[in-house]
Amino acid sequence: MSDPTISFEPPRGMRDFYPEDMAWRNRVFDAWRAASLRTGFAPYDACVVESLALLERKAGEEVSDQIYAFEDKSGRKLALRPEMTPTLARMVAARQGQLQFPIKWFTTAQCFRYERMTRGRKREHYQWNLDIVGEEAISAEAEILATAADALSAMGLPNNAYRIRVNNRALLAEVLAKLGVADHQHAAIFLALDKRGKISDAEISSLLTTAGLDNATIAKAFEILAVTSLDQVADIVGSDSTALADLKELFHLASLYGIADRLLFDIGVIRGLAYYTGIVFEAFDTAGKFRAIFGGGRYDSLLTTIGGNPTPAVGLGFGDVVIMEVLKEYGAAENIIASDTTIIGYMSPEQRDAATTLATRLRREGRNVNLALTPQKPKAFFARASASAASAVYIGPDDVSSGVARLKDLQTRVETEIPLNT
Ligand code: HAM
């Protein structure tokens, strides 16, 4: 009797990847990896299960409420990671005496968040993480953004299809400090302001009141969010502001990297994670149809928060869910990498040995070969071949007696002779 509680669907929000989905996924993963290596980032990896204490934070971030937590059989409080950054901080803190800073590391991490399911949000996703740890200079931010832009080009997304919105939390912190708001209140204020557009301004005001702000300061915070240019920012913070100078420096470097056309200043980009301390950024499709393609920023205090030495850091997280939708929307889906497999089939059992010998030889030469396991009629063989391979060899009795078969390019339909007995 079958168990009626077993469904053929994965648990809600979790994902299966059939081979046709893997073609997409590999295209994205390959672009991430290639861009990381081109810019000199080293790969790393870590456990998917973390201690809950490392991941839990008290700042009221959405991500803290979304953690898949459980106890193991010994009563340890564990969790599936919702993001990679705390793990990276833990790994760096564990070896801070040995590492040669700055380090440039990348990984593609499977992450889990118990999210309300909306377009572009799943409960399981893969996230490319690109981080530079141990570097204060804004050149680290520029290098991260240029690498992300390179990955997007490698995926075939045109430059005009997306924009990277950049802000600096330190700017807001400077303004808040001028207004007499204590440092320890800043994180809660940032998280409240990050909710703009998602909840009403009245609800944000009440969150800010809870964070300890008086009405005049709340009014000022909203006034700041109406600013659209760096010149207007200079009027508020003064032209000697370091946070403003850092932003200008980033825009200057972006022009040298050839990505300035895609960078925009947006004071509304604050980010929903409490650990960011400086420049923050989020990339969106130009039409603004989808959620963020990637997001990140500078987090200079995270290592000390978990007990490490003070260490500046900057990085980004770039998920696989939104980008796949964006690639399809912007027509970058067409040039999906074709399979490079050669498929070999045969008409009747008498040709099996010749087919097996040919497959073995081609595989030894380094070719990817899919060998039919039983005889097939030509029609069935070629139907399967054109759906899954780049070239095909179909062996009949005449080919075996002449010792020569034909290798057919399934795109161009051009045939070349291929010897069977070498
Ligand atoms: P985040 O903004 O929470 O940042 O996530 C980064 C990216 O991961 C998002 O822009 C999106 O592409 C993807 N993502 C997040 N949650 C989901 C989800 N439920 N479903 C699909 N995609 C999702 C971070 O996680 C930071 N730790 C990034 C970072 C690295 N900052 C510095 N270094």
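Residues numbered from 1 in each chain as written. Predicted model: local features only at pLDDT ≥ 70, side-chain atom pairs only at ≥ 80, totals over all residues. Heavy atoms only, no water.

1. Some points on the domain arrangement of the protein
Split by domain assignment, the protein resolves into domain 1 (19–178 + 240–329) and domain 2 (341–419). Centre-to-centre separation of domain 1 and domain 2, based on C-alpha positions: 46 Å. (Domains from an automatic or database assignment.)

2. Overview of the pairing of strand 15 (residues 404–409)
With 3 bridges connecting them, strand 14 (residues 391–395) and strand 15 associate as antiparallel partners. Residue pairing in the sheet places A392 in a bridge with K408 of strand 15. As paired elements, strand 15 and strand 16 (residues 415–419) share 5 bridges and run antiparallel to each other. From the neighbouring strand, K408 faces strand 16, where its bridge partner is E415. (Pairing = 2+ DSSP bridges. Helix = DSSP H or I, 4+ residues; strand = E, 2+ residues; numbered from the N terminus.)

3. Some thoughts on the pattern of salt bridges
With the rule as written, the count across this model stands at 20 salt bridges. Where K77 meets E71, a salt bridge forms, and the shortest distance between an N and an O atom there is 3.2 Å. When the shortest N-O distance is used, the salt bridge between D353 and R352 registers 3.2 Å. Residue D353 is classed as partly exposed on the basis of its relative accessible area of 48%. Here the residues in one salt-bridge network are E141, R298 and D300, joined through shared partners. (Salt bridge = Lys/Arg side-chain N within 4 Å of Asp/Glu carboxyl O. Buried < 20%, exposed > 50% of the residue type's maximum accessible area, 1.4 Å probe, protein only.)

4. Quick word on the side chain of T39
With respect to the helices, strands and loops of the structure, T39 is situated in the loop between helix 1 (19–38) and strand 1 (42–43). Within polar-contact distance, the side chain of T39 engages the side chain of T147 at 3.2 Å. (Polar contact = N/O pair within 3.5 Å; in protein donor to acceptor, adjacent residues only side chain to side chain.)

5. Section: the sheet that holds strand 12 (residues 342–346)
The 5 strands are arranged 13-12-14-15-16 in an open sheet whose pairing can be described as mixed. Two strands bound the open sheet, and with one partner strand each, they are strand 13 (369–371) and strand 16. Across the sheet, the axes of successive neighbouring strands diverge by a mean angle of 25°, strand direction being ignored. Packed onto the sheet, helix 14 (residues 352–364) meets strand 12, strand 13, strand 14 and strand 16 and runs at close to 165° relative to strand 13. Where helix 15 (residues 378–388) meets the sheet, its contacts fall on strand 12, strand 14 and strand 15, and the angle it forms with strand 14 comes to roughly 165°. (Axes fitted to C-alpha atoms, helices over the stretch in contact; angles between N-to-C directions. Contact = heavy atoms within 4.5 Å.)

6. Digging into the packing of helix 5 (residues 139–154) against helix 11 (residues 242–257)
Running from amino to carboxyl end, helix 5 crosses helix 11 at an angle of 40°, the nearest separation of the two axes being 9 Å. Relative to helix 11, the element helix 5 is oriented oblique. Read as a crossing pair, helix 5 and helix 11 show a hand that is right-handed. Together, S139, E141, A142, E143, L145 and A146 of helix 5 and L250, L253 and Y257 of helix 11 make up the contact between the two elements. (Parallel < 35°, antiparallel > 145°, perpendicular 65-115°, else oblique. Left-handed = near helix turned anticlockwise from the far one by under 90°.)

7. Examining the nonpolar core
Considering soluble globular proteins, one finds that nonpolar side chains tend to be buried as a cluster. Counting 76 residues, the largest nonpolar core has W128, M155, I293, F294, F318 and I323 as the members making the most contacts within it. In this view, I323 contacts V28, L152, M155, L157, I293 and F318; residues no more than four positions away in its chain are not counted. By size, the runner-up hydrophobic cluster in this structure holds 20 residues, among which are M84, L88, C111 and L302. (Core = buried A, V, L, I, M, F, W, Y, C linked by side-chain atoms within 4.5 Å.)

8. Let's talk about the state of the cysteines
Scanning the model with the defined rule gives 0 disulfides in all. Between C47, a free cysteine, and C111, which holds the nearest cysteine sulfur, the sulfur-to-sulfur gap is 12 Å. Judged by its relative accessible area of 39%, C47 is partly exposed. (Disulfide = S-S within 2.5 Å.)

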